[in-house]
Amino acid sequence: MSKPMIVCHGGAGHTAKDQPGVDAAADAGWAILGAGGSALDAVLAAVEIMENDPVLNAGTGGRKRADGSVQLDAAVATSDGRLGAIMAIEDTPNPVHVAAGLLDESIHILVGQGARDWADAQGYPKSPVEGSDSPSGNDTVGCVAIDGNGLMAVASSTGGCTGRPRGRVGDTPLWGPGLWIDDEIALAATGIGEEITIKMLCHRVAVQAGSLQQRLEYGLSLFDSSIEVGLIGITANGEGLGLANTGMPWAIRSANQ
Ligand code: ASP
């Protein structure tokens, strides 16, 4: 038996005013874990709530591209070795669920119109996503959790950085830089996707020795302080934390909190 825990974030660069949506997400995920539900169900429920929150940059609140379109990225992975990722999908208010739909498929990553075509074939909801004109450009939402059976899961979702061109993909849906999970640690990143991708951030944090705090501090130390970066993580031995070099609303729920 493991002690359930969930950690959520609302994006590096966001301020405390965006904390309520992150708290609501953590509470919803924690209710699932507390009732004996799985880490996968918990992270999906939490991220769905943040995708539906117009102040957070994911789903409904996704930031607009240079041409005014809203293209969304999302990824989900589990500690038993499954991955699903969706990149630059349009007309999809909750891309995290489409990404989760790929966990048990023989393909794991779909992009653009092909991603939407697959979502249509599977019956995932399709409707225009209005998006946000907020000038605060970056941010992402993410969640990591461990359940009573020791299964860990990670899910992230983003509208990307404001004003980037159509077709641009940041770190968020990328296995290695934007998220990582194995049987010991689950990690999700937020911040400037191009920089996080070049540094292969989450994987490099995962292979570090030390406490979770030391490992997250190592990850942030890879970046100049002018580059917004944040991380959340949990470990199989009961650590959970969020850390950023800028404002980042995050929340943790566990039996010890
Ligand atoms: N990492 C996201 C991206 O580059 C944005 C963010 O988390 O701030 O798309």
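By convention here, each chain's residues receive numbers from 1 onward along its written sequence. Local features in this predicted model are restricted to residues of pLDDT 70 or higher, and side-chain atom pairs are both shown and tallied only at a pLDDT of 80 or more, whereas totals for entire chains, interfaces and linings draw on every residue. Excluding hydrogens and water, the side-chain values take into account all heavy atoms of the structure.

1. Description of the sheet that holds strand S4 (residues 109–111)
Strands sit in the order S4-S3-S2-S6-S5-S1-S11 across an open sheet of 7 strands; the sheet is mixed. Of all strands in the sheet, those with a lone pairing partner are S4 and strand S11 (250–254), marking the two edges. Averaged over all pairs of adjacent strands, the angle between strand axes in this sheet comes to 5 degrees, irrespective of strand direction. A strand pair is defined by DSSP finding two or more bridges across the two strands. What counts as a helix is a DSSP run of H or I of at least four residues, what counts as a strand is a run of E of at least two, and both are numbered from the N terminus. The pairing of strand S1 (residues 5–9) with S11 spans 5 bridges and is antiparallel. Within S11, the position partnered with Val 7 by the bridge is Ile 252. Residue contacts are defined here by distance: any two heavy atoms, one from each residue, within 4.5 Å place the two residues in contact. Orientation is described by lines fitted to C-alpha atoms, with helices fitted over the stretch in contact, and by angles between N-to-C directions that extend from 0 to 180 degrees. The strands that helix H1 (residues 19–34) touches are S1, strand S5 (141–146) and S11; relative to S11, the one it contacts most, it runs at about 20 degrees. Contacting S1, strand S2 (72–78), strand S3 (82–89), S5 and strand S6 (152–158), helix H2 (residues 39–51) runs over the sheet at an angle of about 160 degrees to S5.

2. Topic: H2
Taking 1.5 Å of rise per residue, the 13 residues of H2 would be expected to cover 18 Å, and the 18 Å separating its terminal C-alpha atoms lies within 8% of that figure. Those residues of H2 that fall on the buried side of the exposure criterion are Ala 39, Leu 40, Ala 42, Val 43, Leu 44, Ala 46, Val 47, Met 50 and Glu 51. For a helix, the expected span equals 1.5 Å multiplied by the number of residues minus one. With a 1.4 Å probe rolled over the protein chains alone, any residue whose accessible area is under 20% of its type maximum counts as buried; one over 50% counts as exposed, and the rest are partly exposed.

3. Description of the packing of H1 against H2
To characterise two packed helices, one gives the angle between the axes of the helices and the distance between these axes. Running from N to C, H1 and H2 cross one another at 155 degrees; their axes reach a closest spacing of 8 Å. As judged from the angle between their axes, H1 and H2 are roughly antiparallel. In this structure, H1 crosses over H2, and the sense of that crossing is right-handed. Seen from H1, the contacting residues are Gly 21, Val 22, Ala 24, Ala 25, Ala 28, Gly 29, Ile 32 and Leu 33; seen from H2, they are Ala 39, Asp 41, Ala 42, Ala 45, Ala 46, Ile 49 and Met 50. For this classification, Asp, Glu, Lys and Arg are treated as charged, while Ala, Val, Leu, Ile, Met, Phe, Trp, Tyr, Cys and Pro are nonpolar and the rest, including Gly, are polar. By residue class, the composition of the contact of H1 with H2 is 12 nonpolar, 2 polar and 1 charged. Convention used here: angles under 35 degrees read as roughly parallel, angles over 145 as roughly antiparallel, angles from 65 to 115 as roughly perpendicular, and any remaining angle as oblique. Helix crossings are classified by the rotation of the near helix relative to the far one: an anticlockwise turn of less than a right angle makes the crossing left-handed, while a clockwise turn makes it right-handed.

Just geometry here; none of it tells us what the structure is for.
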